[in-house]
Amino acid sequence: MVKLALHFHALPQERTHLCPACHRQSLTENERQVLYYLRHGFSQSQTANILQLKVQRVHSHKCSAMKKLNFTRTSELFHWLLQGGLTLNLTGPELLKSKFQ
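Summarised in this report is the structure supplied together with it. (Residues numbered from 1 in each chain as written. Predicted model: local features only at pLDDT ≥ 70, side-chain atom pairs only at ≥ 80, totals over all residues. Heavy atoms only, no water.)

Quick notes on the overall build of the protein
At step 1: Helices and strands together make up the secondary structure of the protein, namely six helices and zero strands.
At step 2: Shown N-terminal to C-terminal, the secondary structure of the protein runs as helices and strands in the order α-α-α-α-α-α.
At step 3: For the protein, buried positions account for 26% of its 101 residues.
At step 4: Summed over its atoms, the accessible surface of the protein is roughly 7,500 Å², and 55% of this surface lies on carbon and sulfur atoms. (Helix = DSSP H or I, 4+ residues; strand = E, 2+ residues; numbered from the N terminus. Buried < 20%, exposed > 50% of the residue type's maximum accessible area, 1.4 Å probe, protein only. Areas by Shrake-Rupley, 256 points an atom, 1.4 Å probe, with all protein chains shown as cover.)

Structure representation (structure tokens):
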């Protein structure tokens, strides 16, 4: 009985959001933003400047997204991205910033 109670107590912390279409773990907003900028040719340091994050945080978001998408190599991720694997409609001041800042 105690094991069952501990199991149910742990569920809310372990609950993840799943994509309704493919039943995979969904990417977070930050992961999607990082992948969006990487897809459009921004480096990790440029992406960090745009999103006002540390470069390590951008790297962490990229690695987390790769894990959720079952990619082991960055080249696999970029191939998927360039084939249209990420659809994200961002609007706002982030998109107005220059690529060369």
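Concerning unusual backbone geometry
The phi angle of most residues is negative, glycine excepted, and most peptide bonds adopt the trans form.
At step 1: Its identity as a non-glycine residue notwithstanding, Gln52 has a phi of 55°, on the positive side.
At step 2: Relative to the elements of secondary structure, Gln52 occurs in the loop between α3 (44-51) and α4 (55-68).
At step 3: You can call Gln52 exposed: its relative accessible area is 68%.
At step 4: Phi at Asn70 takes a positive value of approximately 65°, unusual for a residue other than glycine.
At step 5: Tracing the sequence through the fold places Asn70 in the loop between α4 and α5 (74-82).

Structural notes on the nonpolar core
At step 1: Residues Leu27, Leu35, Tyr37, Leu69, Leu77 and Leu86 are the most contacted members of the largest nonpolar core, which totals 18 residues.
At step 2: When residues in this core are grouped by element, the largest group, five residues, is from helix α2 (residues 29-39). (Core = buried A, V, L, I, M, F, W, Y, C linked by side-chain atoms within 4.5 Å.)

Structural notes on the packing of α2 against α4
At step 1: For the pair α2 and α4, interaxial distance at closest approach is 9 Å and the crossing angle is 100°. On the basis of their axis angle, the class for α2 and α4 is roughly perpendicular. Here α2 contributes Asn30, Glu31, Val34, Leu35 and Leu38 to the contact with α4, which in turn contributes Val58, His61, Lys62, Ser64, Ala65 and Lys68. (Axes fitted to C-alpha atoms, helices over the stretch in contact; angles between N-to-C directions. Parallel < 35°, antiparallel > 145°, perpendicular 65-115°, else oblique. Contact = heavy atoms within 4.5 Å.)

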